[in-house]
Amino acid sequence: MQKIWRILQPDSDKVSRLTKSLGISPLLAQLLINRKIDSPDEAYAFLNPSFADLYDPFLFKDMGKTVSRIKKAIEKKENILIYGDYDVDGITGTAILIKLLREYGGRVFYYIPHRIEEGYGISEEGINYAVDKNINLVITVDCGITNASEVASLAKRGIDVVITDHHEPEERNLPIQAFAIVNPLCQGETYPDKNLSGVGVVFKLAQALLDKDGFLEIKKLLDLVCLGTIADISPLLGENRILVRYGLLQLNESQLPGVKALMEVSAIENKKISPYDISFILGPRINAMGRLDSAEASLKLFITESLSEALEIAKVLDNTNRKRQGIEEDIYNEAVSRIEREVNFKEDFSIVLGDERWHQGVVGIVASKLSQRYSRPVILFSFKDSIASGSGRVDLEDIHLIKVLDRCAHLFISYGGHKSACGIKMERDLIPQFKLLFNQLLKETITSEIFSTSLYIDGELPFSLLNSDLINDFNQLAPFGEGNPVPVFVSYGLRLKDMLNNRNRNRLEIWVTDGSFTYQARGRDFENWISQAEKGKSFDLAYIPRLLSFRGQEYISLNIEDFRSAL
């Protein structure tokens, strides 16, 4: 699908003001404004993230009562259950709370529900576990906000529940019998940063529990905060940017046996870890167990003090991830085949498919890839008897998935999620009805034009200006990720000079030139373009410039984002 190039052109007066106020280059000022950071104070804070800029955790309206209840439980030797989610965000947050509360004398148990057998959130099995262990206080991590009836069931048994979560609440069905709720997205919540991940909310709780000296201790766990925040695709803005910026430093020096073991089995133990490594190397291995089986092994990886035990667990995670990749590929290929046969893109504003053979733990990943490929909201269901368990993803800014699903709630057994991802459980027979309603609601709120994939480009960059100083300059914006993308530039009127790899047209390594300057470029899925470029036709290239090194020598390489024939 041809992308629409949207070349950003910031206000020149704003660029000049930032340049003069902060003493930065016009390019860096332009990139900041492209990311909607246009005041000198905002820009300075963005370029110089500091722990001093973290908000007071007691700005959460229920933080005071939460801290008091936890301290009371520790003092009275009550049984505390940390009830976590099975993804990276939930696992890392659960590990932090277990470590922290045990260190301060808490009698801590933990529970991670089985994705397939129990589903997301507080389950009946989890409630029975709490009762069997004589739990006095349950603290949820990355879940609980949609579990009103389950919270009520625990409260009826005399068990206090503190919910820490970051998912969108169902305002008509809030867990009002919870002892306290710490969630930045709850209506009436006063906390200013709404983008925290689940582990980010846990970090704020840990920050509130500890005094200033203790806060130095929690900094050591920023590697886990960083892992969970990036893996959950949380925007790397505000507090998330601060936590990830320092978390990456901690991750590269981590002494946690689980982190060291995971890096070793992933063959990146001697590499400087980046957000990319977390998203595509470390995160999938942590997630794999929870997708195919129990996520308890992933949790044990981060709470064990034994490096040998951590290595054994990490090997299991690595093998499970390989199995997950095979299952995922099969589902993806079958889904693509069905989409090409069944979906009418002129009429269908969404893709809704299901199959008995599709693994419930993997359909979410496939839905994400399909949404990126087809620029549509995608919901894939796994069937078991009469029940359909689905995961949905949308890769479009103008669609808020949960707000659309709120209007379909009468068809669901349960559902939850946020703007770009959801989980659904419903009767299988109701899927045709849901599919029609979902499509109708989308047509009422959006137009088909938004399905054209846009590529946002930060500006024109002639090859004559491309150098290591420029790349180091814009790297001040790092870490890059959701909400803060890597800068993309365009150069016009280029030609193909040479091809390094002609065997696989889907993974290209080429040399491109403007006639005076020549650079290596790498990309994928550009076989049609190359056939034209080989004939000597000029083209425009959208790319990310990167500074790499080989045998101690730095060189510039271009990651190809898109191309088009020169105008």
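Structure: above.
Residues numbered from 1 in each chain as written. Predicted model: local features only at pLDDT ≥ 70, side-chain atom pairs only at ≥ 80, totals over all residues. Heavy atoms only, no water.

## Considerations on the pattern of salt bridges
Any two side chains of opposite charge can pair, on the condition that their charged atoms come close.
Alright, step 1. Using the criterion set out here, one finds 21 salt bridges in the structure.
Alright, step 2. A salt bridge links E78 to R69; the shortest N-O distance between them is 2.8 Å.
Alright, step 3. Here R69 falls in the buried class, since its relative accessible area comes to 6%.
Alright, step 4. For D318, the salt bridge is made with R322, and the minimal N-O distance between the two is 3.3 Å. Pair noted here: D318 and R322 are both in helix α15 (residues 307–342), with a separation of four residues, about one helical turn.
Alright, step 5. Assessed through its relative accessible area of 8%, D318 is described here as buried.
Alright, step 6. Here R322 falls in the exposed class, since its relative accessible area comes to 53%. (Salt bridge = Lys/Arg side-chain N within 4 Å of Asp/Glu carboxyl O. Buried < 20%, exposed > 50% of the residue type's maximum accessible area, 1.4 Å probe, protein only. Helix = DSSP H or I, 4+ residues; strand = E, 2+ residues; numbered from the N terminus.)

## Some words on the sheet that holds strand β5 (residues 160–164)
Alright, step 1. Strand order in the open sheet made by the five strands is β3-β2-β4-β5-β6, with parallel pairing throughout. Sheet topology places β3 (107–111) and β6 (180–182) at the edges, where each strand pairs with a single neighbour. When strand polarity is set aside, the average angle formed by the axes of neighbouring strands in this sheet is 20°. (Pairing = 2+ DSSP bridges. Axes fitted to C-alpha atoms, helices over the stretch in contact; angles between N-to-C directions.)

## Some details on unusual backbone geometry
Alright, step 1. In the segment running from A478 into P479, the intervening peptide bond is cis, with an omega of 5°.
Alright, step 2. Inspection of the secondary structure puts P479 in the loop between α19 (468–474) and β14 (489–499).
Alright, step 3. One non-glycine residue with positive phi stands out, namely D142, at about 65°.
Alright, step 4. As for its placement among the helices and strands, D142 is situated in the loop between β4 (137–141) and α7 (148–156).
Alright, step 5. The buried category is assigned to D142, whose relative accessible area is 0%.
Alright, step 6. Phi angles above zero are rare outside glycine, and S375 is one such case at about 55°.
Alright, step 7. Tracing the backbone shows S375 in the loop between α16 (363–374) and β8 (378–384).
Alright, step 8. Owing to a relative accessible area of 4%, S375 belongs among the buried residues under this scheme.

## Concerning the packing of aromatic side chains
Alright, step 1. For the structure shown, the criterion picks out 15 aromatic pairs.
Alright, step 2. Seen from their ring centres, Y111 and Y129 are 5.2 Å apart, and the 40° between their planes marks the pair as tilted. Within this pair, whereas Y111 is found in strand β3, its partner Y129 is found in helix α6 (residues 124–132), the two being separated by 18 residues in sequence.
Alright, step 3. Its relative accessible area of 22% is what places Y129 among the partly exposed residues.
Alright, step 4. Taking NZ or CZ as reference, R241 lies 3.7 Å from the ring centre of F46, over its face.
Alright, step 5. Stacked on the ring of F451, the Lys or Arg R376 has its end atom at 3.9 Å from the ring centre. (Phe/Tyr/Trp six-rings, centres within 6.5 Å; stacked < 30°, edge-to-face > 60°. Lys NZ or Arg CZ within 6 Å of the ring centre and 35° of its normal.)

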